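Listed here are the chains, written in short residue letters.
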Amino acid sequence: MSERQRARTSGLEGLVNIGDFARATGLTPKALRLYDDLGLLLPAEVDAVSGYRRYGPDQVERARLVAELRLIGMPLARIREVVDMPAALAAVEVETYWRQVEADTSTRRRMVSVLVHRLRSEARQMTTSTETLNVEFGVSHETGSRSSQQDAVLVTPELIAVADGFGERDDLAGAALTAYAAGGLRSAIQEVFAEVPKSGTTLTAVDLHGSTARITHIGDARVFLVRDGDVRQVTHDHTVVAAMVEAGQLTADEARSHEHRALLNRALVPGVVADEMSLELLPGDRLVLTTDGVHSYVDDLNPLITAEAGPQAVADAVAAAVVAAGEPDNHTIVVADLA
């Protein structure tokens, strides 16, 4: 491939600055600086006076390969070897690496089974408080820049739930929440069964029982608990990129701009295993639920959701921050203050 053909393929022609190169490759300037420091992706030119890095169109393919190898969790030291190999040898090396990952995962799966059994054997019988807390809600539910609304929200004194649909059927998330409210997770799965794989949805629900919150979570919506000014993210995102970040295989900055950052590894489908947990709530606690159209575009929610304001004012402030970020997606936030 000629230099001009490479430029056309990459969308670049001639040397460009780090910002333009980051946009062309789906990486961030911070990730590119890291790859430069590690010797994985050296700039084509560094200005001797300003230190500005410039990259050429023939480096796009290597940059994307580095990002893909990071996504599968390959250590940086091994990536350094793979990116300098001919394509055929690189393919063999990637296969070898992945066979080892699968073997390690199988071993860890057995260890997890033993650990879970032991912890459950040691667990005390849970008791549910009968104390009832009063709840005041604030809700924002917007279409954003999308042509249709595929988010759904359900708020009652006993149930707070959000869902984020995708695919052909715009109302699937709402139908799943209605089914969940009527008959629980099994009913919600039955509701979406006929739509898979053309359409799908996430589902995150908080059932309130006295002062206990029972959470059912599938997908990449989030539940936050705000207590005494501290914020705790209760749920874990069920995405490939989030799993890599938690394992220390991707940095948060790499994940934020990765082209596969929204790729789910769990959705509401038959056979799915939901994350289920319980929270004991206290007067003064605040629960916050967001779909990924909120937390994917507002980098720091904490100052907004810890504000000493009513729940609707907090929900409106978060929505305004999403709008300021360009609101590229449907976005839903529920704020529940307990007293």
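So, a few notes on the structure that sits alongside this text. Remember, predicted model here, so these are calculated numbers, not experimental data. (Residues numbered from 1 in each chain as written. Predicted model: local features only at pLDDT ≥ 70, side-chain atom pairs only at ≥ 80, totals over all residues. Heavy atoms only, no water.)

Observations concerning the sheet that holds strand β13 (residues 286-290)
Which entries qualify depends on this criterion: A pair of strands is labelled paired if DSSP reports no fewer than 2 bridges between them. Helix numbers and strand numbers start at the N terminus; a helix is a DSSP run of H or I with at least 4 residues, a strand a run of E with at least 2. Structural elements are reduced to axes, namely lines fitted to C-alpha atoms, with helices fitted over the stretch in contact, and the angle between N-to-C directions of any two is expressed from 0 to 180 degrees. Residues are treated as being in contact if the distance between any of their heavy atoms lies within 4.5 Å.
Read from one edge of the open sheet, five strands run β4-β14-β13-β10-β11, paired in antiparallel fashion. With one partner strand each, in any of the chains shown, β4 (135-142) and β11 (230-233) form the two edges of the open sheet. Taken pair by pair, the neighbouring strands of this sheet meet at an average axis angle of 15 degrees, ignoring direction. Packed onto the sheet, helix α13 (residues 311-324) meets β4, β13 and β14 (331-338) and runs at close to 20 degrees relative to β4.

Things to note about the pairing of strand β8 (residues 203-209)
Remark: a regular strand shows side chains that alternate across the two faces of the sheet. Here is the rule we go by: Whether a residue is buried, partly exposed or exposed follows from its accessible area with a 1.4 Å probe, protein chains only, as a fraction of its type maximum: under 20%, in between, or over 50%, in that order.
Buried residues dominate β8, accounting for six of its seven residues. Judged from the four bridges that link them, strand β6 (residues 159-167) and β8 form a sheet pairing that is antiparallel. Following the sheet pairing, Val162 is matched in β8 by Thr204. Of the strand pairs in this sheet, β8 and strand β9 (residues 212-218) are connected by seven bridges, and their pairing is antiparallel. Directly across from Leu208, in β9, lies its bridge partner Ala213. A loop of two residues connects β8 with β9, the two strands running antiparallel in sequence, and Gly210 in this loop sits at a positive phi of about 60 degrees.

What about the packing of helix α2 (residues 18-25) against helix α4 (residues 60-71)?
Quick reminder of the rule: By the definition used in this description, the sense in which the near helix is turned from the far one sets the handedness, with an anticlockwise turn below a right angle giving left-handed and a clockwise turn giving right-handed. Ten residues, namely Ala, Val, Leu, Ile, Met, Phe, Trp, Tyr, Cys and Pro, are considered nonpolar, four, namely Asp, Glu, Lys and Arg, are considered charged, and the remaining ones, Gly among them, are considered polar.
Remark: α2 packs on α4, axes separated minimally by 10 Å, with the N-to-C direction vectors making an angle of 60 degrees. Crossing geometry of α2 relative to α4 is assigned as right-handed. Along the contact surface, α2 presents Phe21, Ala24 and Thr25, while α4 presents Val60, Ala63 and Arg64. Residues belonging to the contact of α2 with α4 are distributed by class as follows: four nonpolar, one polar and one charged.

Regarding the sheet that holds strand β1 (residues 16-17)
In a beta sheet, neighbouring strands are held together by backbone hydrogen bonds and run either parallel or antiparallel to one another. Ordered in space as β1-β3-β2, the three strands form an open sheet in which the pairing is antiparallel. Only two strands of the sheet have a single neighbouring strand rather than two, namely β1 and β2 (45-46). Relative to strand β3 (residues 53-55), β2 runs antiparallel, the two being bridged by two bridges. Counterpart to Val46 in the pairing with β3 is Arg53.

Points about the packing of aromatic side chains
Test applied: Ring pairs shown here join Phe, Tyr and Trp side chains whose ring centres sit within 6.5 Å, with only the six-membered ring taken for Trp; geometry is labelled stacked below 30 degrees between planes, edge-to-face above 60, and tilted in between.
Counted according to the given criterion, the structure contains two aromatic pairs. Where Phe21 meets Tyr55, the ring centres are 4.4 Å apart and the plane angle is 10 degrees; that geometry is what we call stacked. Of this pair, Phe21 sits in helix α2 while Tyr55 sits in strand β3, and the two are 34 residues apart along the sequence. Take Phe21: its relative accessible area is 0%, and that puts it in the buried class.

A look at the layout of surface pockets
Convention followed: With a 1 Å grid spanning the protein atoms alone, the term cavity applies to any set of points in which a 1.4 Å probe fits but cannot get out, the term pocket to an open set with protein on both sides within 12 Å along at least five of seven lines, and the term lining residue to any residue with an atom within 4 Å of a point. Grid points are joined across faces, edges and corners, and a volume is the space filled by probe spheres set on the points.
Approximately 990 Å³ is the volume found for the largest pocket. Lining the largest pocket are 35 residues, and of these Arg222, Asp237, Arg261, His295 and Ser296 lie nearest its centre. Of all the secondary structure elements, the ones that give two or more residues to the lining of the largest pocket are β6, β10 (222-227), β11, α9 (240-246), α10 (252-257) and α11 (292-295). Element by element, the count of residues in the lining of the largest pocket is highest for α9, at four residues.

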